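Structural characterization, general
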Amino acid sequence: MLATISLQKNAGGLEKNIVYLSNELIASGKRVVLLTFDFADAEPFYELNPELTWVKIGITEPHTKMSISQKLELVGSIRKNIKAHKVDQIICFTHGILARFLLANLGLNTTLVCSERNSISMYKHTTQKKWNVNFMLLIFVKKITVQFDAYKYDYPIWLRHKIFTVNNPIFYHLESADLSSKNILAVGRLATQKQYHILIEAFALVAKDWPDWQLKIIGEGHLKLELLDLIKTLKLDGSVMIIPPSKLVENH
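Predicted, not measured: the structure shown is a model, and the values here were computed from it.

Here we look at the overall build of the chain
Across its full length, the chain carries 6 helices and 10 strands. Taking the principal axes of its C-alpha atoms as reference, the chain extends roughly 65 × 40 × 35 Å. When burial is assessed residue by residue, the chain has 40% of its 252 residues classed as buried. For the chain, long-range pairs separated by at least 24 residues make up 60% of all intrachain contacts whose partners lie at least 6 apart in sequence.

What follows is the structure, encoded as structure tokens:
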């Protein structure tokens, strides 16, 4: 079982990697259940292997607050699916959902792994606190995976023995890029931790001297309007663009 909060039209790195991993595990002969807190009509941005079992147990809109009774109902649904699908290993994508899965797994002895998708330094750029309940619960998982070796040292020393590095896969095309277009390309969610305002402000410092260059940001997120206002304030309307998520980033 691979688990995350939502896949509903989400084009982020977490979503791409969980779909890629699910598809590759199925191709290697594994039986895979993908569990999310989406509603039944949710659709993924990335293509899922048709042999994959996608279980959607959403009660409320993903990423919104829930009552205690709704949280307990969710835990019950997770436990029911662990048992029904005879799951022997669970990979939670980020520690933010650990409490629900640890409670659901009580007495079942299913191996629990946490795949972390961010550097812990992200907490310097968000209002979330590092030392929350779910972070402390990492002590109860079998293994933790991070994307780079250096990330290990941001974790408490008593967790490092169970941390392993699993780099993101790199997808590339054999064709060379068309270098006649002078573009700087940035891809990612328009969120605080991505610090896009720094990129835009830095581009503004050189834009006048290099008028034939453009900055293209591909992504969606709650900071879109704020970033568009910044682009307008810095008079970069003609050289900085925010583009909706795309499966063919190379076309930009």
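A word on the sheet that holds strand 4 (residues 89-93)
Across the sheet, which stays open at both edges, the 7 strands sit in the order 3-2-1-4-5-6-7 with parallel pairing between neighbours. Strands with a single pairing partner mark the edges of an open sheet, and in this sheet they are strand 3 (53-56) and strand 7 (163-165). Note that strand 1 (residues 2-3) and strand 4 share 2 bridges and pair parallel. Within strand 4, the residue paired with L2 across the bridge is I91.

So, the pattern of salt bridges
Per the counting criterion, the structure on display carries 4 salt bridges. Across the pair K9 and E43 runs a salt bridge, and its minimum N-O distance is 3.3 Å. Here E43 lies in the loop between strand 2 (33-36) and strand 3 and K9 lies in the loop between strand 1 and helix 1 (13-27), a separation of 34 residues in the sequence. Looking at K9, the relative accessible area reads 47%, which means it is partly exposed. Residue classification places E43 among the partly exposed positions, given a relative accessible area of 44%. E220 is the salt-bridge partner of K224, the closest N and O atoms lying 3.3 Å from each other. E220 gets classed as partly exposed once you look at its relative accessible area, which sits at 35%.

A short note on the nonpolar core
In summary, soluble globular proteins display a tendency toward joint burial of nonpolar side chains. If you look at the biggest cluster of nonpolar residues, it comprises 35 residues, and the most contacted ones within it are L98, F101 and L138. Core analysis: the next-biggest nonpolar cluster, separate from the first, contains 17 residues, L7, L14, I18 and I26 among them.

Conventions and cut-offs
- Residues numbered from 1 in each chain as written.
- Predicted model: local features only at pLDDT ≥ 70, side-chain atom pairs only at ≥ 80, totals over all residues.
- Heavy atoms only, no water.
- Helix = DSSP H or I, 4+ residues; strand = E, 2+ residues; numbered from the N terminus.
- Buried < 20%, exposed > 50% of the residue type's maximum accessible area, 1.4 Å probe, protein only.
- Contact = heavy atoms within 4.5 Å.
- Pairing = 2+ DSSP bridges.
- Salt bridge = Lys/Arg side-chain N within 4 Å of Asp/Glu carboxyl O.
- Core = buried A, V, L, I, M, F, W, Y, C linked by side-chain atoms within 4.5 Å.

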